[in-house]
Amino acid sequence: MNTSWYIFTGDKKKKGIDIDTLNKIAPAPSWRKSKQKGDTQLVYLPSEEEKAIVNASIYLRRPLLLTGKAGTGKSSLAYAIADELGLELYHWAINSKSTLEDGLYSYDAISRLQDAQLKKIKDDTTEDEITKYLKLAPLGKAFASNKKSVLLIDELDKSDIDLPNDLLHILEENKFEIDVLKRYSSKELVNLGTEENPIMIKNGEKEINIDNFPIIIMTSNGERDFPPAFMRRCLHHEMELPTEERLIEIVTQHLNLTEDDENLGIIGEIVKEFIEKRDGLGESRQKSELATDQLLNALYLRLNVKKSEIFNDILWHSLD
């Protein structure tokens, strides 16, 4: 096996590497940088159907639920929308313990208690305003902002069974409450934003400006069904696995290749092998859950580490 391209060799005598040298030898793949704020290399190629359903969601002020297997570009579509329209993107990653309150705000009760105890020791009778311990979370920021934004609610199917219905209530009422403000705030009107971009909350409630209603993209890997009432109030689109032609188009865009690039032949061969393994074709007898990112990983090594073998068996592990 050719190991001339190795950066880490397992040699205990080697100590340290200059970061500039490392980045020159192994520059970061473009798609690994594409979601960083201010990056201009974001590449996502939506289908005509995806463009249509996204625009319908924008016009109707309705959430868009994207379902499909891992690696079909559900989350990437949200980033592409924010990038093209120049909007702030708020990302709420869902897990089995996520609650509506987690998405709306966080309240640091422990810090508040510690501060109160310290003041008691110092005989300080003043009390800090509750807003010192409150911070809006992605859902709260998107709904309360004075500017239009994109809200990505990622992997909703991992949530507790009640969360979709809790979300539905906010979407229908167009307002949300912050319970701790209602209980403890001494002020009728408080600012949970900044001086430059204030977010004013009145009596612990915030009305959602329907004109600035966020572009909401919710993703699901299809691991569960959602309540009919929830589905009726969403637009829904099933993301399909990309075809061979579409994968080649995605790859050439990511790698910034031209139509006459000498690497297109190699790319075509690897894409075909990838699809055969993904779909159970050719020599592959069984379908494998593979994501487009795994294809990009293999191509990056093949094209940038010229003398290395492609460890497809390592990089193309099934996701199921």
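Heads up: the structure comes first, above all this text.
For clarity, every value in this text was computed on a predicted model and none was experimentally measured.

1. Description of the pattern of salt bridges
Side chains carrying opposite charge are able to pair once their charged atoms draw close together.
Part 1 of the argument: Counted according to the given criterion, the structure contains 11 salt bridges.
Part 2 of the argument: With a shortest N-O distance of 3.3 Å, Lys182 and Glu205 are connected by a salt bridge. Of this pair, Lys182 sits in helix α9 (residues 179-184) while Glu205 sits in strand β9 (residues 205-207), and the two are 23 residues apart along the sequence.
Part 3 of the argument: In this structure Lys182 comes out as partly exposed when scored by relative accessible area, which is 40%.
Part 4 of the argument: Accessibility expressed as a relative area gives 24% for Glu205, which makes it partly exposed.
Part 5 of the argument: A single salt-bridge network, built from bridges that share partners, covers Asp115, Lys119, Asp128 and Lys132.

2. Considering the nonpolar core
Part 1 of the argument: Counting residues in each nonpolar core, the largest one holds 37 residues, and the members touching the most others are Phe143, Ile153 and Ile178.
Part 2 of the argument: Of all the secondary-structure elements, those providing two or more residues to this core are β2 (88-93), α5 (100-104), β4 (134-136), α7 (138-144), β5 (149-154), α8 (163-173), α9 and β10 (215-220).
Part 3 of the argument: In terms of residue count, α8 provides more of this core than any other element does, five residues in total.
Part 4 of the argument: By size, the runner-up hydrophobic cluster in this structure holds 18 residues, among which are Tyr44, Leu64, Tyr79 and Met239.

3. Here we look at the pairing of β10
Part 1 of the argument: Here β10 lies mainly inside the structure; six of its six residues are buried.
Part 2 of the argument: Residues of β10 alternate between two faces, with Ile215, Ile217 and Thr219 on one and Ile216, Met218 and Ser220 on the opposite face, all of them buried.
Part 3 of the argument: Here β5 runs beside β10; their pairing, made up of four bridges, is parallel. If you follow Ile153 over to β10, its bridge partner there is Met218.

4. Examining the packing of helix α11 (residues 244-254) against helix α12 (residues 264-279)
Part 1 of the argument: Two elements in contact, α11 and α12, have axes separated by 10 Å at closest approach and are oriented at 130°. On the basis of their axis angle, the class for α11 and α12 is oblique. Seen from above, α11 lies across α12 with right-handed handedness. Contacts between α11 and α12 involve Glu244, Leu247, Ile248, Val251 and Thr252 on the former and, on the latter, Leu264, Ile267, Gly268, Val271, Lys272, Phe274, Ile275 and Arg278.

5. Topic: the pairing of strand β1 (residues 64-67)
Part 1 of the argument: Side chains Leu64 and Leu66 project from β1 onto one buried face, and the interleaved Leu65 and Thr67 project onto a second face that is buried too.
Part 2 of the argument: As paired elements, β1 and β10 share four bridges and run parallel to each other. Each residue of the ladder has a partner; that of Leu65, found in β10, is Met218.
Part 3 of the argument: Here four bridges tie β1 to strand β11 (residues 235-238), and the two strands are oriented parallel to one another. By the bridge assignment, Leu66 is partnered in β11 with His237.

6. A word on helix α4 (residues 74-85)
Part 1 of the argument: Between its first and last C-alpha, α4 extends 17 Å over 12 residues, near the 16 Å set by a 1.5 Å rise per residue.
Part 2 of the argument: Turning to α4, its buried residues are Lys74, Ser75, Leu77, Ala78, Tyr79, Ala80, Ile81 and Ala82.
Part 3 of the argument: On the buried face of α4, the contacting elements are α3 (48-60), β1, β2, β5 and β10.
Part 4 of the argument: Once α4 ends, the next one or two residues include Gly86, with phi positive near 70°.

7. Topic: unusual backbone geometry
Part 1 of the argument: Unusually for a residue other than glycine, Arg61 sits at a positive phi of about 55°.
Part 2 of the argument: Overall, the relative accessible area of 28% leaves Arg61 in the partly exposed class.

Calculation rules
Sequence order as written defines the numbering, with residues in each chain counted from 1. A pLDDT threshold of at least 70 governs which residues receive local features in this predicted model, and a stricter bar of 80 or more applies before side-chain atom pairs are shown or counted, although totals over entire chains, interfaces and linings include all residues. Only hydrogens and water are set aside; all other atoms, that is, all heavy atoms of the structure, feed into the side-chain values. Within this document, salt bridges are pairs made up of a side-chain nitrogen of Lys or Arg and a carboxyl oxygen of Asp or Glu, the two lying within 4 Å of each other. Think of it this way: any DSSP run of H or I at least four residues long counts as a helix, any run of E at least two long counts as a strand, and we number them from the N terminus. Per-residue accessibility, obtained with a 1.4 Å probe over protein chains only, is compared with the maximum for each type, and a residue is labelled buried under 20%, exposed over 50%, and partly exposed between these values. In this description, a nonpolar core means a group of buried Ala, Val, Leu, Ile, Met, Phe, Trp, Tyr and Cys residues linked to one another through side-chain atoms lying within 4.5 Å. Two strands qualify as a pair provided that DSSP identifies no fewer than 2 bridges between them. Each axis is a line fitted through C-alpha atoms, taken for helices only over the stretch in contact, and angles between the N-to-C directions span 0 to 180 degrees. Throughout this description, any angle smaller than 35 degrees is read as roughly parallel, any larger than 145 degrees as roughly antiparallel, any in the 65 to 115 degree range as roughly perpendicular, and the remainder as oblique. Crossing handedness is read from the near helix: turned anticlockwise from the far helix by less than a right angle, it gives a left-handed crossing, and turned clockwise, a right-handed one. By definition, residues are in contact when any of their heavy atoms lie within 4.5 Å. Multiplying 1.5 Å by the helix residue count minus one yields the expected span of that helix.

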